[in-house]
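Overview (structure and organization)
Okay, here's what each chain looks like letter by letter:
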Amino acid sequence: MPLRLRSLIVCCWLAWLAGTLAHAAPTVVIVSSESSAAYVEAAGALVDELERGGVPRSELLQVTVAEFAVAGQLTPKLFVALGSEAANALAKAELRTPVLCTLLPRSSFERALLTNGRKASSQFSALYLDQPLSRQLELIRLALPAARRVGVLWGDESQAQAPALKALAQARGLELAEATVGSNELLFPGLKRVLEDADLLLAVPDHQLYNSSNIQNILLASFRARVPLVAFSPAYVRAGALLALHVTPRQIGQQAAAIARGVLQGKTLSATPLYSQDFSVAVNEHVARSLGLTLEPDALRARLRRREGAL
C-alpha cells in the first residue's frame, strides 16, 4: 500500500475515533497502558464488578493510551488508569474528573506525580500493586517464625521507605540488615554484606535492583547462602524465591471497582493512595523443602487475613 494512502487511512481512522469518543457519554473511562493478559484480566474484573453493581456496560468505555490522546473532551464521573503509561498520560492531561491509577507500583505513581508537577489528592489517587510493609513483615513472622534479621537492599526508588520499615520491624522484634546500592554502584558487594547478616532477604520493589538482568544472580546468591528470598511477584517464586506476597490483576480490578462504585455514589477518592485489601501468597515448594520448611500458601493467606482483621 502506498505510504500516502496508508497515512490518509490512518488520519481518517483517528478523526473517526476522535469524533466517536467525543460524542460518547460514559460514566467511567478505563485507560489501559497495554493489551497484555494482566491488563485484560484487570479491566475485565473491573467491568464485571461495576456491571454487577448496577452500572450498564454501555456506560463503561475502555480505551488505550493512544485512543485517549485523540479522544477529545471526555467527561465521565471517573477515569481509571491501568498501568504506568496510562497514569502518566492522565497526569499530563488537564482533567476536572477524578482519576484512580492502579495496576502500577508505588514508585511508578510517585514518578508520574513528580514528572507532571502533581501531588496525590482526592482528584488524582492510586491503588498500588505493592503490598504494605506491615503485611510483608507479618507474613515473615508467620512463615519464618525463627527469623530475626531481615535483609533489605535499598535503591534510589525505594530508599525513602527505609525509616518506615525499620520502625515496623522494631515493633515486631525484628532487626534489619541493610545495604544501599546507588544507581552507579555494583549490586553484588551490598548483596553479599546483607546475606552474611540476614536470616532472609526481603525484596522491596525497586526496578534498579530487582529486574530481569539482576534477579537470577540475586536468587543464586541467596540460594547459596541459604538465605531465602521473600519477593513481591509470583514470577520470582517460579524462578526460585521462597515466598511472594502479591495481588493478582483480578483482585486489583475488583477493588478498583469497589472504589469506583463509591465515587459514583458521591464519595471522593482517598487523598492518600491505597494498598490492596486483598492479596495472594505464592510458595516455591521445592525451595521450601530444601530449607526444611512446609508452607501452605492458602493457609498462610487465611492466617494473615485473620491477623489483619484482629489488628
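Before reading on, note that the structure itself is shown above.
Let me begin by describing the structure that accompanies this report. Just so it is clear, the model here is predicted, and its values are computed rather than measured.

**A word on the nonpolar core**
- The biggest cluster of nonpolar side chains holds 31 residues, and the ones touching the most others in it are Val150, Leu165, Leu200, Leu202, Leu243 and Leu300.
- For this core, the secondary structure elements donating two or more residues are helix H6 (133-143), strand E6 (149-154), helix H7 (162-171), strand E8 (200-202), strand E10 (243-246), strand E12 (280-283), helix H12 (285-290) and helix H13 (297-310).
- Considering each element in turn, this core owes the most residues, six residues, to H6.
- Apart from residues lying up to four places away in sequence, Leu202 is in contact with Gln136, Ile140, Val150, Gly151, Val152, Leu165, Tyr210 and Val230.
- Formed by 25 residues, the second largest nonpolar core is a distinct cluster that contains Leu229, Ala231, Val237 and Ala282.

**Some words on the environment of Leu300**
- Mapped onto the fold, Leu300 is located in helix H13.
- The class of Leu300 is buried, set by a relative accessible area of 5%.
- Considering only alpha carbons, one finds Leu300 and Gly182, 118 residues apart in sequence, at a separation of 35 Å.
- If we skip the residues at most four places from it in the chain, Leu300 touches Leu139, Leu142, Ala143, Leu243, Val281, Val283 and Leu295.

**What about the side chain of Glu67?**
- In this fold, Glu67 is placed in helix H3 (residues 65-69).
- Buried and without a salt bridge, Glu67 has Arg57 as its closest oppositely charged side chain, separated by 15 Å.

**Quick notes on empty space enclosed by the protein**
- Applying the stated rule across the entire model yields one cavity of 30 Å³ or more.
- In this structure, the largest cavity spans a volume of roughly 30 Å³.
- What lines the largest cavity is simply Arg106, Asp130, Gln131, Leu133, Gln136, Gln161, Val204, Pro205 and Tyr275.
- The residue inventory of the lining of the largest cavity, partitioned by class, reads four nonpolar, three polar and two charged.

**Looking at the sheet that holds E12**
- Pairing is mixed across the open sheet formed by six strands, whose spatial order is E7-E6-E8-E9-E10-E12. Every other strand in the sheet has two partners, leaving strand E7 (175-180) and E12 as the edge strands with one partner each. In this sheet, adjacent strand axes meet at a mean angle of 25° when their direction is disregarded.
- The sheet contact formed by strand E9 (residues 229-231) and E10 spans two bridges and is parallel. Residue pairing in the sheet places Val230 in a bridge with Leu243 of E10.
- Against the sheet, H7 contacts E6, E7 and E8, and its axis sits at roughly 165° relative to E7.

**Here we look at the packing of helix H8 (residues 187-197) against helix H9 (residues 215-224)**
- Where H8 contacts H9, the two axes come as close as 11 Å, and the packing angle between them is 30°. For the element pair H8 / H9, the angle class is roughly parallel. Where H8 crosses over H9, the handedness of that crossing is right-handed. Of the residues in H9, those touching H8 at Leu187, Leu191 and Leu195 are Ile218, Ala221 and Ser222.
- Looking at side-chain class alone, the contact of H8 with H9 contains five nonpolar, one polar and no charged residues.

**Brief notes about the pairing of E12**
- Burial of E12 is two-sided: the residues Ser280 and Ala282 facing one way and the residues Val281 and Val283 facing the other way are all buried.
- Sheet analysis places E10 next to E12, joined by four bridges and oriented antiparallel. Residue Ala244 lies in a different strand from E12, and its bridge partner there is Ala282.

What counts, and at which threshold
- Residues numbered from 1 in each chain as written.
- Predicted model: local features only at pLDDT ≥ 70, side-chain atom pairs only at ≥ 80, totals over all residues.
- Heavy atoms only, no water.
- Core = buried A, V, L, I, M, F, W, Y, C linked by side-chain atoms within 4.5 Å.
- Buried < 20%, exposed > 50% of the residue type's maximum accessible area, 1.4 Å probe, protein only.
- Helix = DSSP H or I, 4+ residues; strand = E, 2+ residues; numbered from the N terminus.
- Contact = heavy atoms within 4.5 Å.
- Lys, Arg positive; Asp, Glu negative; His and termini not counted.
- Salt bridge = Lys/Arg side-chain N within 4 Å of Asp/Glu carboxyl O.
- 1 Å grid on protein atoms, 1.4 Å probe; cavity = no way out; pocket = protein on both sides within 12 Å on 5 of 7 lines; lining within 4 Å.
- Points joined across faces, edges and corners; volume = space filled by probe spheres on them.
- Nonpolar A, V, L, I, M, F, W, Y, C, P; charged D, E, K, R; others polar.
- Pairing = 2+ DSSP bridges.
- Axes fitted to C-alpha atoms, helices over the stretch in contact; angles between N-to-C directions.
- Parallel < 35°, antiparallel > 145°, perpendicular 65-115°, else oblique.
- Left-handed = near helix turned anticlockwise from the far one by under 90°.

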